[in-house]
Amino acid sequence: MRANSGSDSLVAIYPGSFDPITNGHLDLIERASKFAGKLVVGVLRNESKQPLFSVEERVEMLKEVVAGYRNVAVTAFDGLLVEFAAEQRAGLIVRGIRAVSDYEYELQMALMNRRLRPEIETVFMMASEAHSFVSSRLVKEVIKLGGNIGGLVPPPVEARLKRRFAAAI
Ligand code: PNS
């Protein structure tokens, strides 16, 4: 899709639950892949949060939608994010911020992560205004109640969500 124009030596991690990936996440992946030499999308295996999709399904969906990006990899992880980042030789953690309400939680995590591993920096990227209201949680709620989620998630994810909720009825 695009040439790798990021700093070749910079490995960045974009972590999250991605249950499922939204167009907001995808926009951030696209933008971060321009400044990172390699961007590793880390999918948390958060069984305690009772995700709608298994970690294998979430990884599969992400791999499908980022297939066009040469410098983007997708990997599941367990345990501490900073340890996963260190294993991947990443110097940067990227998180998206949609609204001021995201900031407090993100700041807490960034400071805790810095305390655990000061050599790993966190950067916050502003969500594009078109995606500032989009979250995986709301997308699931809207489709479950029969609403239209067109344009909020990549088409293969929309199809999978429809199948999942059709099967549940
Ligand atoms: O998409 P989410 O659910 O907002 O992502 C949260 C995530 C995965 C970034 C966060 O829960 C996380 O880093 N979990 C790994 C465990 C960990 O490192 N906890 C300490 C964080 S300070």
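Residues numbered from 1 in each chain as written. Predicted model: local features only at pLDDT ≥ 70, side-chain atom pairs only at ≥ 80, totals over all residues. Heavy atoms only, no water.

Asker: Please give an account of the environment of Arg 160 that cites residues and values.
Answerer: Its location among the elements puts Arg 160 in helix α6 (residues 155–168). The buried category is assigned to Arg 160, whose relative accessible area is 14%. Apart from residues no more than four positions distant in its own chain, Arg 160 is found in contact with Phe 53, Glu 57, Glu 60 and Met 61. (Helix = DSSP H or I, 4+ residues; strand = E, 2+ residues; numbered from the N terminus. Buried < 20%, exposed > 50% of the residue type's maximum accessible area, 1.4 Å probe, protein only. Contact = heavy atoms within 4.5 Å.)

Asker: How would you sum up the pattern of salt bridges? Please name residues and give values.
Answerer: A complete count under the given rule lists 14 salt bridges for this structure. Its salt-bridge partner being Asp 27, residue Arg 31 comes within 2.9 Å of it at the nearest N-O pair. With Arg 31 and Asp 27 both in helix α1 (residues 23–35), this residue pair falls 4 residues apart, about one helical turn. One salt bridge in this structure joins Arg 164 and Glu 57, with 2.4 Å as the shortest N-O distance. Separated by 107 residues along the polypeptide, Arg 164 in helix α6 and Glu 57 in helix α2 (residues 55–65) bring together distant segments of the chain. The exposure class assigned to Glu 57 is buried, which follows from its relative accessible area of 18%. When salt bridges that share partners are traced, they join Arg 45, Glu 56 and Asp 78 into one network. (Salt bridge = Lys/Arg side-chain N within 4 Å of Asp/Glu carboxyl O.)

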